[in-house]
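Listed below, chain by chain, are the residues.
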Amino acid sequence: MMYELFIAPLTETYFQKALIGGSIVAVVAGVVGCLVVLRKMAFLGDALSHAMIAGVAGGYLVMKLMFGIEAHAPGMLLGSLLAAVTTVALISFVSSISRIKEDTAIGIMYTGVFALGVVAVSIFRHYIHIDLMHFIMGDILGVADSDLWVSAFVAALVLTVLILFFRHFQLTTFDPIMAASIGLPVLLLDYLLTTCVSLVVVSAVSMVGVILVVGLLITPAATAYLLCDRLDRMMVLAAFFGVTSVIGGLYLCVWLDSAGGGAIMLFCTLQFLVVLAVAPKYGLLARWLRLRRMVPQQIVEDVLTTILRYAKPTPMQVLRQYVENGAGLKRAIRQMVQDGLLRDRQGVYLLTEKGEQEAAKVLRAHRLWETYLQTIGTPQEQLHATAHQLEHLRSDGTVEYLDEKLGRPAQDPHGRTIPGE
Amino acid sequence: MPTSPYAIEVDHLTVSYHARAALLDVSVRIERDQLVGVIGPNGAGKSTLIKAMLGFLKPDVGSVTIEGQDVQKVKGKVAYVPQRGSVDWDFPITVREVALMGRYQRIPWYASPSAADREAAKEALAIVRMTEFADRQIGELSGGQQQRVFLARALAQGSDILLLDEPFAGVDAATERAILEVLERAKKTGKTLVVVHHDLVTAAEYFDKLILIKQRMYAYGPPQAVLQEDLLSKVYEGRLRIFGKVFKEETT
């Protein structure tokens, strides 16, 4: 059973090639994707992949008509790069000279260039033999040896550039102004990165297709982004997530007999969602726990004043009655014992010295607010309730302001002493 | 060795954007070891002046000279501390790495940061008292700490001239004090600091010299000389009333 599920596919040549080719592409896509994500240019991958078909068709045609060479791979590659760079240039041109914003310009240009490619391929279908479906969906299970070589070469080249110029890319991404001020060729580095992204996209399209390639570029990088606080580690982890996506996706594809590219991206996305949920620092679960652990200041202050007013060791029931009945109270008390505000004497609670000081501050605020409310004509029966809400406003000299304005009263409206500072 | 007695010399500088002069005939000579504030209303060209001192702009007329050399030829002699709002605080980078960036200029492109580079970054962090936060991601720091990290980077760069763009924007009074203290200490170690500042009330207290600009140069000199009612009323036009407080403090 296990053999059938896991080992048997590995013995098939098509599966081995898919695994190797996919992993090579995923590693380099993950690494370069980190910079794409951090520079907020995910659209670039999309524009590039859509432009590619026009580029490939153009490259194919030129090589065939001028030199009579059929399906010349370097020609098509060059065509793709040219088309990609043209698309990006058109996007920035349109958005900078007209009132059209960049997101709209992106939408217009890459669908336009994509459409140009589709029309060209269908008009010249007698000259050039390009399978449109292959382009759109990719065909990782039919990876040719030549594709493997191309992607291995691209991966080696791009990884070398990124490792050699790691610091340069890090600095120009993080702080381009400083990069320029120490004399780094910022513009040149931008072009170099765009070229790297184009190469990766071109080598990945034949495997996962035009539509999914952007996912392979940014999803593993985004997954790693949720787990890392350093760029070098993020790159390593993004490469790892890329490879696991390919492995997981290929098994999915064999088991479910589905499309290869789709299965890979589905697995990649699920992987992202899992990490998004459970990441220790930036995950949803961690965020939820953090919020839950936060003890509202209001409950803390209410506990303090309740014990101060009760004036002797206070049992839980009393606190429940005056403060709040629920899980929040228990958590607040635990936290307050930890912070040294309360002492727990077998179920009854008393204030520590620090707790007493804090409680006196709140009480002072409460009684000053009551006095203030009375002077502005608040009905007698509302004094306590309103002051109870307002006593939590104590920052930035609020209480001092009240004290001064009221002429430093000694007693509140009920005749009780207002504690001093 | 320094051939010029001045850290920064701006000479008849005019810079324009789309046929509008952002700076018009600005000349100023900043001596060494000074804490200099640049003040002026919004859109007065304060950032443009800073950019010109970094050598990013091609002036229409005039020149900027850093320690006697043309600014275009001395990359990295001037360290820049960006405005807090312009930094991506979610970037995966630690405090230590930001400080290390100050050394990038000295590291050949094929080599890794050396022990000496790491040591310099560490020292810079110690000067701004951020050593204990070295392994934190920069987004986890408070506003003042974030500002200090970038100051450490500028110090690690070893430049004698530091340009700071609104370092006091959006921090509380205590933090402002702490940052100012670091600036004072940097000055004592022989740095020249040029700081874009927006608060006229504190300007007199913080800086040795002030530059008052609004496209044109209105004044450069000690705060008492620059914060004159007639000068300020020219630069700030109708909004002068709110500065009544400044004059009173100056005259007492």
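Rules of the game
- Residues numbered from 1 in each chain as written.
- Chains lettered and ligands numbered in written order.
- Predicted model: local features only at pLDDT ≥ 70, side-chain atom pairs only at ≥ 80, totals over all residues.
- Helix = DSSP H or I, 4+ residues; strand = E, 2+ residues; numbered from the N terminus.
- Rg over C-alpha atoms; globule rule 2.2 N^0.38 Å.
- Buried ≥ 20, exposed ≤ 12 C-beta atoms within 10 Å, placed from the backbone.
- Contact = placed C-beta atoms within 7 Å.
- Axes fitted to C-alpha atoms, helices over the stretch in contact; angles between N-to-C directions.
- Parallel < 35°, antiparallel > 145°, perpendicular 65-115°, else oblique.
- Left-handed = near helix turned anticlockwise from the far one by under 90°.
- Nonpolar A, V, L, I, M, F, W, Y, C, P; charged D, E, K, R; others polar.
- Core = buried A, V, L, I, M, F, W, Y, C linked by C-beta atoms within 7 Å.
- pLDDT = per-residue confidence, 0-100.
- Pairing = 2+ DSSP bridges.

Quick notes on the overall build of chain B
In step 1: When you go through chain B residue by residue, the secondary structure sums to nine helices and 10 strands.
In step 2: For chain B, the C-alpha radius of gyration of 19 Å lies close to 18 Å, the compact-globule estimate for 252 residues.
In step 3: In terms of its C-alpha atoms, chain B occupies a principal-axis envelope of roughly 55 × 40 × 35 Å.
In step 4: Burial statistics for chain B: of 252 residues in total, 42% are counted as buried.
In step 5: Sequence separation of at least 24 residues holds for 69% of the intrachain contacts in chain B that already meet a minimum separation of 6.

Some details on the overall build of chain A
In step 1: When you go through chain A residue by residue, the secondary structure sums to 19 helices and three strands.
In step 2: Computed over its C-alpha atoms, the radius of gyration of chain A comes to 33 Å, more than 25% above the 22 Å expected for a compact globule of 421 residues.
In step 3: In terms of its C-alpha atoms, chain A occupies a principal-axis envelope of roughly 105 × 65 × 40 Å.
In step 4: For chain A, buried positions account for 43% of its 421 residues.

Some remarks on the packing of helix 7 (residues 145–164) of chain A against helix 10 (residues 186–225) of chain A
Residues and elements named next belong to chain A.
In step 1: Viewed as axis vectors pointing N to C, helix 7 and helix 10 meet at an angle of 155°, and their least axial separation amounts to 10 Å. Taken together, the axes of helix 7 and helix 10 are roughly antiparallel relative to one another. Helix 7 and helix 10 meet at a crossing whose hand is left-handed. In this structure, helix 7 contributes Asp-147, Val-150, Ser-151, Val-154, Val-158, Val-161 and Leu-162 to the contact, and helix 10 contributes Leu-192, Cys-196, Leu-199, Val-200, Ser-203 and Ser-206.
In step 2: Here the residues of the contact of helix 7 with helix 10 are counted per class, giving nine nonpolar, three polar and one charged.

Looking at the nonpolar core
In step 1: Counting 168 residues, the largest nonpolar core has A:Val28, A:Val32, A:Cys34, A:Met52, A:Val200 and B:Met53 as the members making the most contacts within it.
In step 2: For this core, the element with the highest residue contribution is helix 10 of chain A, accounting for 22 residues.
In step 3: With residues near it in sequence (within four places) discarded, A:Cys34 still touches A:Ala221, A:Ala224, A:Leu231, A:Met234, A:Met235 and A:Ala238.
In step 4: Listed in part, the 25 residues of the second largest apolar core include A:Val300, A:Ala332, A:Leu341 and A:Ala387.

Concerning the interface of chain A and chain B
In step 1: Chain A puts 18 residues into the contact, and the matching count from chain B is 17 residues.
In step 2: Counting residues per element, the ones that place at least two in the side of chain A that touches chain B are helix 8 (166–174), helix 9 (176–181) and helix 11 (231–256) of chain A.
In step 3: Here the side of chain A that touches chain B takes four residues from helix 9 of chain A, the largest share from any one element.
In step 4: Here the residues of the side of chain A that touches chain B sort into 12 nonpolar, two polar and four charged.

Some thoughts on the confidence of the model for chain A
In step 1: Per-residue pLDDT for chain A averages 87, and the proportion of residues at 70 or more is 98%.
In step 2: Taken element by element, the predicted model of chain A shows its lowest mean pLDDT in helix 6 (residues 132–137) of chain A (79) and its highest in helix 8 of chain A (96).

Focus on the pairing of strand 10 (residues 216–221) of chain B
In step 1: With five bridges connecting them, strand 9 (residues 209–214) of chain B and strand 10 of chain B associate as antiparallel partners. Of the residues in strand 10 of chain B, the one forming a bridge with B:Ile213 is B:Met217.

Re the sheet that holds strand 10 of chain B
All names here are of chain B.
In step 1: What the six strands build is an open sheet, ordered 6-7-8-3-9-10; its pairing is mixed. The open sheet has two edge strands, strand 6 (78–81) and strand 10, and neither has a second partner. Between one strand and the next, the sheet's axes are offset by a mean angle of 15°, whatever the strand orientation.

Side note on the environment of A:Leu193
All names here are of chain A.
In step 1: Within the secondary structure layout, Leu-193 lies in helix 10.
In step 2: As a C-alpha pair, Leu-193 and Val-399 span 206 residues in sequence and 57 Å in three-dimensional space.
In step 3: Sequence-distant contacts of Leu-193, that is, excluding residues within four places in its chain, are made with Leu-35 and Phe-169.

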